[in-house]
Amino acid sequence: MDVDKVIEEFEAMTKDAENVQRETLKKILEENGCAEYLQNLGLNGRTDPESFKACVPFVSHKDLEPYIQRIADGASSPILTGKPITTLSLSSGTTQGKPKFVPFNDELMETTLQIYRTTYAFRNREFPIENGKTLQFIYGSSKQSKTKGGVIVRTATTNVFRNSQYKNAMKAMQSQCCSPDEVIFGPDFHQSLYCHLLCGLIFGEEIQLVSSTFAHSIVHAFRTFEQVWEELCADLREGVLTSRITFPSVRSAMAKLLKPNPELADLIHKKCSGLSNWYGLIPELFPNVKCICGIMTGSMEPYLKKLRHYAGDLPLLSTEYGSSEGWIAANVNPNLPPESATYAVLPNIGYFEFIPLKENVEEHVQAKFNDSFLSMEPEPVGLTEVKVGEEYEIIITSFAGLYRYRLGDVVKVMGFHNSSPELKFVCRKNVMLTINIDKNTEKDLQLAVEAAVKSTAEEKLEVLDFSSHVDLSTDPGHYVIFWEISGEVSDEVLKKCCNCLDRSFVDAGYVSSRKVNAIGPLELRVVRRGTFQKILDHYLGLGAALSQFKTPRCVVPTNNKVLQILCDNVAKSYFSTAF
């Protein structure tokens, strides 16, 4: 792959972002103009942005469900796209509790590969890879099904990994996975994970990159390594795969790689025994690794502390920004730490609009008393019209049948790469803790958890995972924070944490409501070890892929199964006395 050519094309495109956007919209509408959805809106073949905005309304997934259902039922006429959709992606479903169907087509695959190529090109300038292998924690093990209309349904990541173009692209990017296909597409993710780790050890010296779609999968993998490392060493020593791997296809693929190697087993045993609390595990096992890659922003940020612990001095690189519905932007500044990562929008992979968010508490209060105020949404602006420092809700129009689609993400414009904006993901618009006039996002929750952990620095408290819920069964309602922690921590410390959490929500609406008891004392519920693993297993049971999994940070009432898992596993509970 010609890295310089990829960068050159990206530079040219972002310098002319406005025209590229106009041309991209024209191309999308020309290719899909015959689709019933667009025909009904009266565009009559027009492809300019002005006509498009005048005729096509904003939509959410709910608005498109009847159309997507007809595609799933096998309707042969063009419904959302000019060419028939033969594959649907399943979103992770962690926000609302149930996965959504999203159209997937060749055009979406092409934009996926373009994003990967762009990220790779900029990364390779900083961290060049020479024909090594990648330890990739990727899983295509999710259930594949067909709708009654014969449309294939798989998770978004599986649709990508199963695509014939994916392998060729990875080869061109010198990023071939060290595990065989039988492991990646194994029917059981626990067994696939074990074999990924074993393949990594077998090819230890050749591994130059450790990656996964999300940071959570990498942390999960090395937490698992802590449990099974001696078993892995035994497999290497004897050259025989553990009996815990039961699927014949996986066993026979691993048998081709696994040969008795007592020297390697001894070396790994010695390295693991010499580590202090597993610090620097990744470079210790894989001495030639250049960096660790995956999506590390948004709901993945809480895992960075643990990932850094495993990574030692290795750089962490947050790769791309997108969703099951489509990609948006790539990280072209690989030197920045994930907390500061921004993503430059590729102006030719979709048509993008941005609704300014000018909300504050006063407006929120006014909205409560004035319904007409609610309907006055600011006019959207184009890709090149956004302002640095402002926050926006992002609207996408894609090559896969989504037109002016509300993704539900809030982004902040941090700067520009030429004339294309560099975005920072802020939060999901509908993932919000709110009872009265308070509004706390996933990011606010994360900051509160970090502050509470920091307040007990000397106690060595480690929060393995966390979530939250608004409990309206009490009067007044109150916030409930769920923690899974490692080790034994005293009641005194946890009471202190509970108070600190309550004080750390600095949103003016929350603080004023707490002071007048319009919101009740915050409750910290400590859950038993393994609770968040049960939540993960629940989603995998629904057909989600581990590669796509995101812990639901704010459990909405409709997500009753996850709420039940959390509530059934509470070991201790504390109420704040901070106000």
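Residues numbered from 1 in each chain as written. Predicted model: local features only at pLDDT ≥ 70, side-chain atom pairs only at ≥ 80, totals over all residues. Heavy atoms only, no water.

Participant: Help me understand the overall build of the chain in this model?
Facilitator: A count of helical and extended segments in the chain gives 22 helices and 22 strands. Whereas a compact globule of 579 residues would reach a radius of gyration of roughly 25 Å, the chain reaches 24 Å, a difference of no more than 12%. Counting only C-alpha atoms, the chain reaches 70 × 60 × 45 Å along its principal axes. Here the chain holds 579 residues, and the buried ones make up 58% of them. Considering only residue pairs separated by 6 or more positions, the chain has 73% of its internal contacts joining residues 24 or more positions apart. When the accessible surface of the chain is totalled, it reaches about 24,000 Å², and 51% of it is carbon and sulfur. Mean positive and mean negative side-chain charge positions of the chain (61 and 71 charges, respectively) differ by 3 Å. (Helix = DSSP H or I, 4+ residues; strand = E, 2+ residues; numbered from the N terminus. Rg over C-alpha atoms; globule rule 2.2 N^0.38 Å. Buried < 20%, exposed > 50% of the residue type's maximum accessible area, 1.4 Å probe, protein only. Contact = heavy atoms within 4.5 Å. Areas by Shrake-Rupley, 256 points an atom, 1.4 Å probe, with all protein chains shown as cover. Lys, Arg positive; Asp, Glu negative; His and termini not counted. Charge placed at Lys NZ, Arg CZ, Asp CG, Glu CD.)

Participant: Can you walk me through the side chain of Arg-514 in this structure?
Facilitator: Relative to the elements of secondary structure, Arg-514 occurs in helix 20 (residues 508-515). Those residues within four positions of Arg-514 in sequence are excluded, and the remaining contacts are Asp-502, Ile-519, Gly-520, Pro-521, Leu-522, Ser-576 and Phe-579.

Participant: Is there a simple way to explain the sheet that holds strand 13 (residues 381-382) in this structure?
Facilitator: Here we have eight strands laid out as an open sheet, ordered 9-10-11-16-15-14-12-13, and antiparallel in their pairing. Two strands bound the open sheet, and with one partner strand each, they are strand 9 (320-323) and strand 13. (Pairing = 2+ DSSP bridges.)

Participant: Help me out: how do you make sense of the packing of aromatic side chains in this one?
Facilitator: Where two aromatic rings form a pair, the distance of their centres and the angle of their planes describe that pair. Applying the stated rule across the entire model yields 16 aromatic pairs. Members of the aromatic cluster, connected to one another through ring pairs, are Tyr-37, Tyr-67 and Tyr-403. Sitting over the ring of Phe-203, Lys-133 keeps its end group 4.9 Å from the ring centre. Positioned above the aromatic ring of Phe-466 is the side chain of Arg-553, whose terminal nitrogen or guanidinium carbon lies 4.2 Å from the ring centre. (Phe/Tyr/Trp six-rings, centres within 6.5 Å; stacked < 30°, edge-to-face > 60°. Lys NZ or Arg CZ within 6 Å of the ring centre and 35° of its normal.)

Taken by themselves, the reported measurements are silent on function.
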